[in-house]
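Take a look at the letters that make up each chain.
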Amino acid sequence: MKSVLIKAAAVILLLAQLTVISACKKNKPPEEYWDYSYRAESTTGAAVPSDQVTQSTLFTVNPVWQKNFDAEYKYFDKNTSDDTVTIKETRSEKAFCAKYPSSGNLVYYKANNVAIDCYTVVPSEEQYVHSVITGKSINDLSSTYMKLTAVSEDFPSYSNVLYMSDETVAGRACKKYIQRAYTDGKMTETVYIWIDAEYGFALKCEDYDAENVLQTYWETVSFSTGNVLESSIGVDISKYQFTEGEQ
């Protein structure tokens, strides 16, 4: 069975549609996880065993923010690169944009009656492509950030998950948890995850291997919701000369 630990998907810098190859894994733990025992000396801060979960350690998932948000976040995946990439996603009712400030790459979606205009910009390769997605609306699109940060409300009740403390990420109140995997009595993976207290999504995540080497990481730098206008997304398509892609 696949690992129960929350895993980040590899970020694809430019997506034909705003989807992610794989999101956080939330499978039921294998049987050996039910014998999980917390080792306090291996982490910092106090933790609460899963059989002592109280209302204060739980969270509620409210995806309403996904319809209108502005989020900037950092992402690292040791398996794909030694570099950390910064990504900015902005979404309104009729438009969506994912930008990569360091490279100038971006993908921009704009509602157009019964279709969506998609503009892809890759300056380093002089690629400027316009395509049309028919039969879809902006609400049908799911972004990397939306997929990456998704967490089940059942997460705190897993036997290998422990609540640690209330903390702050990107100026937002959140709950910090630790999740560990053990095989044959040996720790194989550790994840720290910070869940937004208001909306129940992962503001930050750190994934370490058995040698305590960071494998995957993301952290929200800034986040706001409910006040994004299409005009504030800030993409001037008149600056580029687009070729037509597949429709």
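Anything mentioned here points back to the structure above.
Residues numbered from 1 in each chain as written. Predicted model: local features only at pLDDT ≥ 70, side-chain atom pairs only at ≥ 80, totals over all residues. Heavy atoms only, no water.

## Quick notes on the environment of Asp236
Alright, step 1. With respect to the helices and strands, the residue Asp236 is situated in the loop between strand 11 (214–225) and strand 12 (243–244).
Alright, step 2. On the basis of relative accessible area, Asp236 is assigned to the partly exposed category, the value being 38%. (Helix = DSSP H or I, 4+ residues; strand = E, 2+ residues; numbered from the N terminus. Buried < 20%, exposed > 50% of the residue type's maximum accessible area, 1.4 Å probe, protein only.)

## Some remarks on the pairing of strand 4 (residues 105–112)
Alright, step 1. Where strand 3 (residues 95–100) lies against strand 4, six bridges are found, and the strand directions are antiparallel. Across the sheet, Cys97 pairs through a bridge with Tyr108, a residue of strand 4.
Alright, step 2. Counting the residues that bridge the hairpin from strand 3 to strand 4 gives four residues, and of these Gly104 lies at a positive phi of roughly 85°.
Alright, step 3. As paired elements, strand 4 and strand 5 (residues 115–122) share seven bridges and run antiparallel to each other. (Pairing = 2+ DSSP bridges.)

## Description of the sheet that holds strand 8 (residues 172–183)
Alright, step 1. What the 12 strands build is an open sheet, ordered 7-8-9-10-11-1-2-3-4-5-6-12; its pairing is mixed. Edge positions in the open sheet fall to strand 7 (161–169) and strand 12, since each of these has one partner strand only.

## As for the nonpolar core
Alright, step 1. Among the nonpolar cores identified, the biggest contains 45 residues, and Trp65, Phe69, Tyr109, Tyr145, Phe155, Tyr177 and Ile193 are the most heavily contacted of them.
Alright, step 2. Of all hydrophobic cores here, the second largest spans nine residues; its members include Cys97, Leu106, Tyr108 and Tyr119. (Core = buried A, V, L, I, M, F, W, Y, C linked by side-chain atoms within 4.5 Å.)

## Comments concerning the pattern of salt bridges
Alright, step 1. The tally for this structure, following the rule as stated, stands at six salt bridges.
Alright, step 2. A salt bridge links Asp166 to Lys175; its shortest N-O distance comes to 3.8 Å.
Alright, step 3. Relative accessible area serves as the criterion here: at 13%, Lys175 is assigned to the buried category.
Alright, step 4. Connected through salt bridges with shared partners, the residues Arg172, Asp196 and Glu198 form a single ionic network. (Salt bridge = Lys/Arg side-chain N within 4 Å of Asp/Glu carboxyl O.)

## Quick look at the packing of aromatic side chains
Alright, step 1. Within the structure shown, the criterion is met by 18 aromatic pairs.
Alright, step 2. A centroid spacing of 6.0 Å and a plane angle of 70° characterise the contact between Phe155 and Tyr158, whose relative ring orientation is edge-to-face. The burial state of Phe155 is the same as that of Tyr158; both residues are buried.
Alright, step 3. Relative to Tyr208, the ring of Tyr192 lies with its centre 6.1 Å away and its plane at 80°, an arrangement referred to as edge-to-face. Taken together, the residues Tyr192 in strand 9 (residues 186–196) and Tyr208 in strand 10 (residues 202–209) connect sequence positions 16 residues apart. No difference in accessibility class separates Tyr192 from Tyr208, as the two residues are buried. (Phe/Tyr/Trp six-rings, centres within 6.5 Å; stacked < 30°, edge-to-face > 60°.)

## Structural notes on the pairing of strand 8
Alright, step 1. The buried count for strand 8 comes to 10 of 12 residues, which makes it a mostly enclosed element.
Alright, step 2. Bridge analysis of strand 7 against strand 8 gives eight bridges, and the strand direction is antiparallel. Residue pairing in the sheet places Tyr163 in a bridge with Tyr177 of strand 8.
Alright, step 3. Here strand 7 folds back onto strand 8, and the loop between the two strands holds two residues, one of which, Ala170, carries a positive phi near 55°.
Alright, step 4. Relative to strand 9, strand 8 runs antiparallel, the two sharing 10 bridges. Across the sheet, Gln179 pairs through a bridge with Val191, a residue of strand 9.
Alright, step 5. Counting the residues between successive antiparallel strands, the hairpin from strand 8 to strand 9 contains two residues, one of them, Asp184, with a positive phi of roughly 55°.

## Looking at unusual backbone geometry
Alright, step 1. A positive phi angle is found at Asn113, which is not glycine, with a value near 55°.
Alright, step 2. Here Asn113 is to be found in the loop between strand 4 and strand 5.
Alright, step 3. We classify Asn113 as exposed; its relative accessible area is 78%.
Alright, step 4. Non-glycine residue Glu126 carries a positive phi angle of around 50°.
Alright, step 5. Structurally, Glu126 can be placed in the loop between strand 5 and strand 6 (127–134).
Alright, step 6. Judged by its relative accessible area of 66%, Glu126 falls in the exposed class.

## Examining the environment of Val169
Alright, step 1. Within the element layout of this structure, Val169 appears in strand 7.
Alright, step 2. Residue class for Val169 comes out buried when judged on its relative accessible area of 4%.
Alright, step 3. Counting along the chain gives 27 residues from Val169 to Asp196, while the straight-line C-alpha distance between them is 8.3 Å.

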